[in-house]
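Survey of secondary and tertiary structure
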Amino acid sequence: MDFSIPQDGSTRFIYVLPLKTNEALVEYTLFSKELLDDISYEDGIKAYLNRKGITNFSILRKEKGAIPMTAYPFSYHNSSNLMQIGTNGGWTKASTGYTFYNCSKKTLALRAALKQGSNLKTFDERT
């Protein structure tokens with residue numbers, strides 16, 4: 001996580017996840033109630049790469065998303081036979097936005113609960 005980019009009144013960072021020797025995922029992230037327009041994200045990444053001396057690059061794919069950084073009790077929307085999981089189910093760690101580890105743990109617990117015939121409305125989300 002590289003916080004050396006302009007913060008512009010919110011917490012912002014870039015991270016680079018190398019995929020191959022000549023390919024990487026580059027993500028521009030900020031913590032804010034408001035999203036930026038699409039071009040601002042791309043311009044921020046291009047400026048970052050240029051500052052790092054990377055000028056010969058091409059964008060192969062783009063993605064966009066927003067992670068709810070909240071402690072909202074999503075389980076209120078569950079019923080006895082329907083349960084939201086993953087980010088929709090509130091399994092995203094509110095302090096970091098990281099979801100994969102929580103999903104791995106909760107899925108195992110959910111599987112065990114389903115095998116026991118548990119009511120999804122009462123499934124313990126704190127697992």
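First, a word on scope: everything that follows refers to the structure included in this document. Bear in mind that the values here come from a model prediction, so they are computed numbers and not experimental data. Sequence order as written defines the numbering, with residues in each chain counted from 1. Local features in a predicted model are, by the rule used here, given only for residues with pLDDT of at least 70; side-chain atom pairs are given and counted only at 80 or more, and totals for whole chains, interfaces and linings are based on all residues. Neither water nor hydrogens contribute to the side-chain values; these are computed over all heavy atoms in the structure.

Things to note about the packing of aromatic side chains
- Note on aromatic pairs: the rings of Phe, Tyr and Trp (six-membered ring only in Trp) are paired at centre separations within 6.5 Å, and the planes decide the class, stacked below 30 degrees, edge-to-face beyond 60, tilted for the rest. In this structure the tally under the stated criterion is five aromatic pairs.
- Relative to Phe13, the ring of Phe3 lies with its centre 5.2 Å away and its plane at 50 degrees, an arrangement referred to as tilted. You can see Phe3 sitting in the segment before strand S1 (11-20) and its partner Phe13 sitting in strand S1, a full 10 residues away along the chain.
- The classification of residues rests on relative accessible area computed with a 1.4 Å probe and restricted to protein chains. Under 20% of the type maximum is buried, over 50% is exposed, and intermediate values are partly exposed. In this structure Phe3 comes out as partly exposed when scored by relative accessible area, which is 41%. Only DSSP runs of H or I reaching four residues or more are called helices, and only runs of E reaching two or more are called strands; each is numbered from the N terminus.

A few points about helix H2 (residues 100-115)
- Taking 1.5 Å per residue as the helical rise, H2 with its 16 residues ought to reach 22 Å, and the 23 Å between its terminal C-alpha atoms agrees with that figure.
- Of all the residues in H2, the buried ones are Asn102, Cys103, Lys106, Ala109, Leu110 and Ala113. All buried residues of H2 project into a common sector of 140 degrees when viewed along the axis, lining one side. Opposite the buried face of H2, by more than 90 degrees, sit the exposed residues Phe100, Leu108 and Lys115.
- Trailing H2 by a residue or two, Gly117 shows a phi angle of about 80 degrees, which is positive. Multiplying one less than the number of residues by 1.5 Å gives the expected span of a helix. Here, the arc refers to the directions that run from the helix axis to the C-beta atoms.

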